[in-house]
Structure formats: C-alpha cells, structure tokens
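# Structure assessment
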Amino acid sequence: MSYRFLSSSSSVIITECSALFKLRIPPHSNQIPNNFLFNRVWCCSRSYKKLEMEDNDLSKFTVINDPQSLHHKISAISIAGPSKLQVIADFDATLTRYWINGHRGQSSHGLLKQGNTEYDAKRQALFDYYHPLEFSPTIPLEEKTKLMEEWWGKTHGLLIEGGLTYDAIKNSVANSNIAFRDGVVELFEFLEERDVPVLIFSAGLADIIEEVLRQKVHRSFKNIKIVSNQMVFDDSGRLVSFKGKLIHSLNKNEHALDMAAPLHDQMGGIDGPVEDNASVKQRTNVLLLGDHVGDLGMSDGLNYENRISVGFLNDNIEKNLESYRNAFDIVYMNDTPMWGVVKLAAQLCSMEV
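Reading guide: rules and limits
Residues numbered from 1 in each chain as written. Predicted model: local features only at pLDDT ≥ 70, side-chain atom pairs only at ≥ 80, totals over all residues. Heavy atoms only, no water. Helix = DSSP H or I, 4+ residues; strand = E, 2+ residues; numbered from the N terminus. Buried < 20%, exposed > 50% of the residue type's maximum accessible area, 1.4 Å probe, protein only. Phe/Tyr/Trp six-rings, centres within 6.5 Å; stacked < 30°, edge-to-face > 60°. Lys NZ or Arg CZ within 6 Å of the ring centre and 35° of its normal. Expected span 1.5 Å × (residues − 1). Pairing = 2+ DSSP bridges. Salt bridge = Lys/Arg side-chain N within 4 Å of Asp/Glu carboxyl O. Arc of directions from axis to C-beta. Contact = heavy atoms within 4.5 Å. Polar contact = N/O pair within 3.5 Å; in protein donor to acceptor, adjacent residues only side chain to side chain. pLDDT = per-residue confidence, 0-100.

### What about the overall build of the protein chain?
- Scanning the protein chain from terminus to terminus reveals 9 helices and 17 strands.
- Residue burial in the protein chain is summarised as follows: out of 353 residues, 50% are buried.

Here it is, written out as structure tokens:
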C-alpha cells in the first residue's frame, strides 16, 4: 500500500514496511534520513495540490508538515540528552481518550458530581452560558480572559457552597467514562526511568486528575507534576477553599509553574523525591502534547531552545487539519494511541538519531 502527495515541486511517497511506514527520500536529499521511522506517517507539503490514496481511512495516519525541521529538532534534543528535556502535556483529550466504546469520553471537570443535583445543575448552566464565549472568534482576548476568570470563579464558588467532599470526587471518578490512551502509562514509565519531568497542565481540578491517575493507573510517578487548580479540604473531607491563583483555559502555561504540585500517595504525602520548579525551568528542550492549537501556549514563560509540538486532532479532521498541521510539528488524527509519542520519546533520549 502506498500514498502519494502531489506537489508543484516534489512528491513524497510513503510505503508500508511491516507494521511501520518508512519515508522513501531521494538518496541526495537533505530531508529526513531513510532510517527515520514513524508509526504510520502521513507527510505533508505546504504546496500540495492533490492527495491520492488507496485507502480513505485517515484514522491510521500521522501528519508531519516539515520532516526536515522535525529531524533537526530531534537531533538537537537527542544530543543535549534527557537531562535537558521536559514534557508538557494537556490532560483532557490529550492524555485521555476522546472516544470510549463509541461514546464521547468525559473530561476531568465534566465527570464531577457533587452529590447535590441543585448545584450540579447550576454548574451546568454556567457551562452552557460561558463555553460558547470561550471559543467565540469575535470576543477580544482581554475580554475573554475576564469572562474565563468569572466562569471559573463562579464554578469554584458553587463547589464550595454546595459542600463538595473528597468522597464525592472518588465516587465521580469511579463512575466516570474516562480512560487514558493506550501507551500513556508506558510513556510515563519510560520518562520516569530517565528522570524526565512531566508537567500536566489543566484548567480543571488537580485533585480530580490525581484521583483519575490513582484509580485508572493504580500508581503515581515521582516525575509527574500537575499544574492545575488545587483544592483545600477540612478534616472531614469537605472542600473549604482553593489554593493559589486561579488557572483557567487561557492562562495554563509555565507562568503558572509555581502552582505545580507533585503526585501524592494514598496517605497524602509526596510519593518519592521530586524536582524543584526552578530546576525544571533549566530544562530548555520541550516535548509538548496538546489537543488544541491554544495548547501551544503551555510553554509560554519558558525560554526553551527546542520544542517539538504534538497535536491530537480527535474530531472534525477535514475542518481542522490545515490549522493543526501548520501549528504542530506532528499531528495524530482521530484519537490515536500514544505509541507514536513513546517512540518519539525514545528517540529524544537516545544519541542514535
């Protein structure tokens, strides 16, 4: 099986080699070398005119807009070594699956049930009002930022007023439709073995993300920190306040790194030694994972030298592919597993590129 992109200047052919696709580049080309492998790679040219495929199922493919640039980044990060690398990842629909058994997977915020139907309904009403404003193309950023602060603030107020308990969080996660992509645990384990920090950025709730990790993975990782809104509970397990500044969808970036908290064990203590936030900022090579173009802002505030961005385009592929492939170095389409990122991480932590 082969796929050809027709361009005004060149064509790139991708042919199947066992379970992998291998790029066939002319011998004297200065693009990616012949031994550079990706799992089911679909390669784009900026000037392509027509795509001829023997199979119209795009769900199995990966888009790389500029293979040469990507190869140079991989080489530079690999030469610098794991000690200079950090991984920044969005949580919902990036680390977690978009579809589960044919149904839309829940988000870490959406799965929460307070055990109080009145307050659940109030939070849903806020969502119905503010969510369209979050994605409105006509609202200026400054005004939209104020609206997001307003939305998050009101929601957090309802969680406190409605008497949210940690037991309710546990029950919500246990009864939720949320799951990690295949390969996520293996990625975490691989990075932990090499002391590469993983920063999970989320505009949701850190305590829910931690509980999802606890229930779905059944372990924590000493290299993972969560940059998200942190709850404070009293001795009876009732929510009384939130810790630190509010993190919403438009300010989740490394400026908020002082909110980063390591995963805790079952008794509430830090699970193993962790790297301090100042030393994380010294890691100037970044592997960034997100499912929205806006997630590229997660590295704002970090003076990085090299950044490889991976975008998960889970739905509306035809509508969004153009913007995603222009924004991200690599695009994985239609809710694919994390195995491609695992292979990429192995390359970044190896001197053999």
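Don't stop here, the text continues.
### Things to note about the environment of Leu85
- With respect to the helices and strands, the residue Leu85 is situated in strand 8 (residues 85–90).
- Owing to a relative accessible area of 1%, Leu85 belongs among the buried residues under this scheme.
- Along the sequence, Leu85 and Arg283 sit 198 residues apart, while their C-alpha atoms lie 5.4 Å from each other.

### Description of the packing of aromatic side chains
- Per the counting criterion, the structure on display carries 10 aromatic pairs.
- With a centroid separation of 5.3 Å and 80° between ring planes, the pair formed by Tyr98 and Trp99 is classed as edge-to-face.
- Among the residues examined, Tyr98 registers a relative accessible area of 15% and is labelled buried.
- With 4.8 Å between their ring centres and 85° between their planes, Tyr129 and Tyr130 make a pair best called edge-to-face.
- Taken together through their ring pairs, the aromatic side chains of Phe127, Tyr129, Tyr130, Trp151 and Trp152 make up a single cluster.
- Taking NZ or CZ as reference, Lys122 lies 4.6 Å from the ring centre of Tyr119, over its face.
- The ring of Phe190 carries the charged tip of Arg194 above its face, separated from the ring centre by 3.7 Å.

### Here we look at helix 6 (residues 206–217)
- With 12 residues, helix 6 should cover 16 Å at 1.5 Å per step; its first-to-last C-alpha distance of 16 Å lies within 8% of that length.
- With 10 of 12 residues buried, helix 6 is to be regarded as a mostly interior element.
- Restricting attention to buried positions, one finds in helix 6 the residues Ala206, Asp207, Ile208, Ile209, Glu210, Glu211, Val212, Leu213, Arg214 and Val217.

### Topic: the pairing of strand 16 (residues 306–313)
- Most of strand 16 is tucked away, with 8 of its 8 residues classed as buried.
- Side chains Asn306, Ile308, Val310 and Phe312 project from strand 16 onto one buried face, and the interleaved Arg307, Ser309, Gly311 and Leu313 project onto a second face that is buried too.
- Relative to strand 16, strand 15 (residues 285–290) runs parallel, the two sharing 6 bridges. Each residue of the ladder has a partner; that of Leu287, found in strand 16, is Ile308.
- Across 4 bridges, the pairing between strand 16 and strand 17 (residues 330–333) is parallel.

### Section: the pattern of salt bridges
- This model, assessed by the stated rule, comprises 13 salt bridges.
- Residue Arg181 is joined to Asp335 by a salt bridge in which the shortest nitrogen-to-oxygen separation is 3.1 Å. Here Arg181, found in the loop between helix 4 (166–174) and helix 5 (184–193), pairs with Asp335, found in the loop between strand 17 and helix 9 (339–348); they are 154 residues apart in sequence, far enough to count as distant. The pair formed by Arg181 and Asp335 is uniform in burial state, with each residue classed as buried.
- Between Glu322 and Arg325 there is a salt bridge; the shortest N-O distance is 3.3 Å.

### Comments concerning unusual backbone geometry
- Even without being glycine, Asn316 reaches a positive phi, approximately 50°.
- Within the fold, Asn316 resides in the loop between strand 16 and helix 8 (317–327).
- A relative accessible area of 48% places Asn316 in the partly exposed class.
- Positive phi is not limited to glycine here, since Asn334 has a value of about 60°.
- Positionally, Asn334 belongs in the loop between strand 17 and helix 9.

### Here's the deal with helix 4
- All of the buried residues in helix 4 are Tyr166, Ala168, Ile169, Ser172 and Val173. With its buried residues spanning 155° around the axis, helix 4 presents them on a single face.
- If you follow the buried residues of helix 4, they end up packed against helix 6 and strand 12 (224–233).

### Some words on the environment of Tyr304
- Here Tyr304 is to be found in the loop between strand 15 and strand 16.
- Considered as a pair, Tyr304 and Lys281 are 23 residues apart in the sequence and their alpha carbons are 8.7 Å apart.
- Ignoring anything within four residues of it in the chain, the contact list for Tyr304 reads Thr284, Val286 and Ser299.

### Re the side chain of Gln86
- As for its placement among the helices and strands, Gln86 is situated in strand 8.
- Relative accessible area serves as the criterion here: at 0%, Gln86 is assigned to the buried category.
- At 3.0 Å, the side chain of Gln86 and the backbone oxygen of Arg283 are in polar contact.

### Details of the confidence of the model for the protein chain
- Residues with a pLDDT of 70 or more make up 75% of the protein chain, whose mean pLDDT is 81.
- In the model, residues 1–59 has pLDDT below 50 throughout and makes 126 contacts with residues more than four positions away in sequence or in other chains.
- Confidence drops under pLDDT 50 across residues 265–273; counting only partners more than four residues distant or on other chains, this segment forms 13 contacts.

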